[in-house]
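One-letter residues, chain by chain:
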Amino acid sequence: MKKIFAFIAAAFMAISVSAQSEAGSFTLQPNVGFTYSTATGDGGKSVDGAFGLTAGVEGMYMVNDQFGAAFGLNYTGYNVSKTFLKEDVIYSNYYFNIPVTANYYVIPGLALKAGVALNILSTAKVDGESEAGNVKFKDFYKSTFFSIPVGASYEFNDFVFNLRYNFGVSNIQKGDDVDGSFNALTFTVGYKF
């Protein structure tokens, strides 16, 4: 039985090694997935989270066998739920997310990553509507905010499973008297070319 487990482990490591990019190589990785977003509002009050979708592409250059530098472009929805006049209301902000991360491979195929991301506001909606009367919800939010993505990825036969937590580090709302930030847990599946 121990020999079987040893064989399975060796085969698994061999597959992992073949899945990792070689030093000096560049790969492109389209990906799709989902996010679970939470937000803090005025006074640091937490708002209930909600699920959203994300899709994009990431490019990575392998500096050596253990270190890679990646950049990406994703279209991401940050969704939160808030009770307003005794009704649950879903606030959905959609951003172009541009992360730049450093990737460190602790073992072949398994990378830890951290970096910084610029988020550019595309649309802002409340329950699917982008405006109420002549009030555009997008006007209440800043056009950009920064976040810090940290996480890990695992590569298997050119598929990449990526789990990240994005810490919002700048205010998303306009006005000096209001403060708010988005945080999001993101899971994506990509394929390396």
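Quick caveat: nothing in here was measured; it's all calculated off a predicted structure.

Conventions we followed
Residues numbered from 1 in each chain as written. Predicted model: local features only at pLDDT ≥ 70, side-chain atom pairs only at ≥ 80, totals over all residues. Heavy atoms only, no water. Helix = DSSP H or I, 4+ residues; strand = E, 2+ residues; numbered from the N terminus. Buried < 20%, exposed > 50% of the residue type's maximum accessible area, 1.4 Å probe, protein only. Contact = heavy atoms within 4.5 Å. Areas by Shrake-Rupley, 256 points an atom, 1.4 Å probe, with all protein chains shown as cover. Polar contact = N/O pair within 3.5 Å; in protein donor to acceptor, adjacent residues only side chain to side chain. Core = buried A, V, L, I, M, F, W, Y, C linked by side-chain atoms within 4.5 Å. pLDDT = per-residue confidence, 0-100. Salt bridge = Lys/Arg side-chain N within 4 Å of Asp/Glu carboxyl O. 1 Å grid on protein atoms, 1.4 Å probe; cavity = no way out; pocket = protein on both sides within 12 Å on 5 of 7 lines; lining within 4 Å. Points joined across faces, edges and corners; volume = space filled by probe spheres on them. Nonpolar A, V, L, I, M, F, W, Y, C, P; charged D, E, K, R; others polar. Phe/Tyr/Trp six-rings, centres within 6.5 Å; stacked < 30°, edge-to-face > 60°.

**Brief notes about the overall build of the protein chain**
Here's step 1: Scanning the protein chain from terminus to terminus reveals one helix and ten strands.
Here's step 2: Overall, the protein chain shows an N-to-C arrangement of helices and strands of α-β-β-β-β-β-β-β-β-β-β.
Here's step 3: The buried share among the 193 residues of the protein chain stands at 37%.
Here's step 4: Residue pairs in contact within the protein chain that sit at least 24 positions apart in sequence constitute 60% of those at least 6 positions apart.
Here's step 5: Carbon together with sulfur atoms contributes 67% to the accessible area of the protein chain, which is approximately 10,800 Å² in total.

**Some words on the side chain of Ser-92**
Here's step 1: As for its position among the elements, Ser-92 is in strand E4 (residues 87-107).
Here's step 2: Looking at Ser-92, its side chain comes within polar contact range of the side chain of Asn-79, at 2.8 Å.
Here's step 3: Among all residues touching Ser-92, those that are not within four sequence positions of it are Tyr-78, Asn-79, Thr-123, Ala-124 and Lys-125.

**Quick notes on the nonpolar core**
Here's step 1: Grouped together as the largest cluster of nonpolar side chains are 15 residues, with contacts concentrated most on Tyr-78, Tyr-95, Phe-145, Ile-172 and Phe-182.
Here's step 2: Residue contacts for Tyr-95: discarding those within four places in its chain leaves Asn-74, Tyr-75, Thr-76, Tyr-78, Asn-119, Ile-120, Leu-121, Ser-122, Phe-145, Ile-172 and Phe-182.
Here's step 3: Core analysis: the second largest hydrophobic core is formed by five residues, Met-60, Met-62, Ala-70 and Ala-111 among them.

**A short note on the confidence of the model for the protein chain**
Here's step 1: For the protein chain, the mean per-residue pLDDT works out to 84, and 82% of the residues sit at or above 70.
Here's step 2: pLDDT under 50 marks residues 1-20. Its contacts with residues more than four places away, or in other chains, come to 21 contacts.

**Examining the environment of Asn-171**
Here's step 1: Secondary-structure assignment places Asn-171 in the loop between strand E9 (159-168) and strand E10 (181-191).
Here's step 2: Counting along the chain gives 131 residues from Asn-171 to Thr-40, while the straight-line C-alpha distance between them is 9.8 Å.
Here's step 3: In terms of polar contacts, Asn-171 uses its side chain to reach the backbone amide nitrogen of Gln-173, at 3.0 Å.

**Here's the deal with the pattern of salt bridges**
Here's step 1: Enumeration over the complete set of coordinates arrives at two salt bridges.
Here's step 2: The shortest N-O distance in the salt bridge between Arg-164 and Glu-58 comes to 2.6 Å. Of this pair, Arg-164 sits in strand E9 while Glu-58 sits in strand E2 (residues 46-62); the two residues are 106 residues apart in sequence, bridging distant segments of the chain. Comparing Arg-164 with Glu-58, the two get one shared label, buried.
Here's step 3: As a salt-bridge pair, Glu-155 and Lys-192 come within 3.0 Å of each other at their nearest N and O atoms. With Glu-155 in strand E8 (residues 144-156) and Lys-192 in the segment after E10, the pair connects residues that are 37 residues apart, well separated along the chain. Grouping residues by exposure puts Glu-155 and Lys-192 together as buried.

**Some points on empty space enclosed by the protein**
Here's step 1: Within the structure shown, the criterion is met by two cavities of 30 Å³ or more.
Here's step 2: Estimates place the volume of the largest cavity at around 180 Å³.
Here's step 3: Elements supplying a minimum of two residues to the lining of the largest cavity: E2, strand E3 (67-84), E4, E9 and E10.
Here's step 4: Considering only residue class, the lining of the largest cavity consists of four nonpolar, nine polar and two charged.
Here's step 5: Along its surface, the second largest cavity is lined by Thr-27, Gln-29, Glu-58, Gly-59, Met-60, Tyr-105, Ala-111, Lys-113, Ser-153, Glu-155, Val-160 and Lys-192.
Here's step 6: For the lining of the second largest cavity, the elements supplying multiple residues, two or more each, are strand E1 (26-40), E2, strand E5 (110-126) and E8.
Here's step 7: Of the residues contributing to the lining of the second largest cavity, the split by class is four nonpolar, four polar and four charged.

**Considering the packing of aromatic side chains**
Here's step 1: Per the stated rule, a full pass over the model turns up 15 aromatic pairs.
Here's step 2: Taking 6.0 Å as the distance between ring centres and 45° as the angle between the ring planes, the aromatic pair formed by Phe-34 and Phe-187 counts as tilted. Taken together, the residues Phe-34 in strand E1 and Phe-187 in strand E10 connect sequence positions 153 residues apart.
Here's step 3: When the centroid spacing of 4.6 Å and the interplanar angle of 65° are considered together, the rings of Tyr-165 and Phe-167 count as edge-to-face.
Here's step 4: Among the residues examined, Tyr-165 registers a relative accessible area of 26% and is labelled partly exposed.
Here's step 5: Grouping aromatic residues by their ring pairs yields a cluster made of Phe-34, Tyr-36, Phe-51 and Phe-187.

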